[in-house]
Amino acid sequence: MIEINKVEDIVFRLISEFSYSEKEARQAAQDLLKSDPKVKGAFDVWWDTGVFDDALECEGYTLDKLIKEHSLMPVAAFLTLDWLIKEPEKAKRFLEKGYDMII
């Protein structure tokens, strides 16, 4: 079961500190709270301390690599690692193919 107060805390902070829309923030919060326990644990540490878990890795990808080489924001990097755990082939194809970025 998703903790309602935790969702609201995450949503508020994603909007206020990371410029997410309310819809994006709510979806990200729900996805994060349903993520793999390793990802959720690493997210919780980062959320509270700002420190990334360097040991968290899946299919050759780490949070740092996703942020630096794929230009992902931290929350997107956590969600991408979760995707790599749950659907590795599909996620790797997406990352290897790349995507267009509009700035």
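The rules behind these values
- Residues numbered from 1 in each chain as written.
- Predicted model: local features only at pLDDT ≥ 70, side-chain atom pairs only at ≥ 80, totals over all residues.
- Heavy atoms only, no water.
- Helix = DSSP H or I, 4+ residues; strand = E, 2+ residues; numbered from the N terminus.
- Expected span 1.5 Å × (residues − 1).
- Buried < 20%, exposed > 50% of the residue type's maximum accessible area, 1.4 Å probe, protein only.
- Axes fitted to C-alpha atoms, helices over the stretch in contact; angles between N-to-C directions.
- Parallel < 35°, antiparallel > 145°, perpendicular 65-115°, else oblique.
- Contact = heavy atoms within 4.5 Å.
- Nonpolar A, V, L, I, M, F, W, Y, C, P; charged D, E, K, R; others polar.
- 1 Å grid on protein atoms, 1.4 Å probe; cavity = no way out; pocket = protein on both sides within 12 Å on 5 of 7 lines; lining within 4 Å.
- Points joined across faces, edges and corners; volume = space filled by probe spheres on them.
- Phe/Tyr/Trp six-rings, centres within 6.5 Å; stacked < 30°, edge-to-face > 60°.
- Lys NZ or Arg CZ within 6 Å of the ring centre and 35° of its normal.

## So, helix α5 (residues 74-86)
The first and last C-alpha atoms of α5 sit 19 Å apart over 13 residues, in line with the 18 Å expected at 1.5 Å per residue. Every buried residue of α5 is accounted for by Pro74, Val75, Ala77, Phe78, Thr80, Leu81, Asp82 and Leu84.

## Quick notes on the packing of α5 against helix α6 (residues 88-97)
Closest axis-to-axis distance for the α5/α6 pair is 5 Å, and the angle between their directions is 130°. On the basis of their axis angle, the class for α5 and α6 is oblique. Of α6, the residues touching α5 (which contributes Thr80, Trp83, Leu84, Ile85 and Lys86) are Pro88, Lys90, Ala91, Lys92, Phe94 and Leu95. Here the contact of α5 with α6 is composed, by residue class, of seven nonpolar, one polar and three charged.

## Quick look at the layout of surface pockets
Taken as a whole, the largest pocket encloses approximately 190 Å³ of empty space. Surrounding the largest pocket, Phe18, Ser19, Tyr20, Glu24, Leu72, Met73, Val75, Ala76 and Leu79 form its lining. Take the lining of the largest pocket: its biggest share by element is three residues, from α5. Grouping the amino acids of the lining of the largest pocket by side-chain chemistry returns seven nonpolar, one polar and one charged.

## A look at the packing of aromatic side chains
Counting across every chain of the model gives ten aromatic pairs. For the pair Phe43 and Trp46, a centre-to-centre distance of 5.9 Å together with 45° between the ring planes defines the contact as tilted. Taken together, the residues span about one helical turn, with Phe43 and Trp46 both in helix α3 (residues 37-49) at a distance of three residues. Ring geometry for Trp46 against Phe78: centres 5.6 Å apart, planes inclined by 40°, an arrangement best described as tilted. Of this pair, Trp46 sits in helix α3 while Phe78 sits in helix α5, and the two are 32 residues apart along the sequence. Across this residue pair, the class does not change: Trp46 and Phe78 are buried. Here the aromatic cluster, defined as three or more aromatic residues joined through ring pairs, consists of Phe18, Phe43, Trp46, Trp47, Phe52 and Phe78. Directly above the aromatic system of Trp47 lies the positively charged group of Arg13, at a separation of 4.1 Å from the ring centroid. In this structure, Lys65 is placed above the aromatic ring of Tyr61, and the distance from its NZ or CZ to the ring centre is 4.8 Å.

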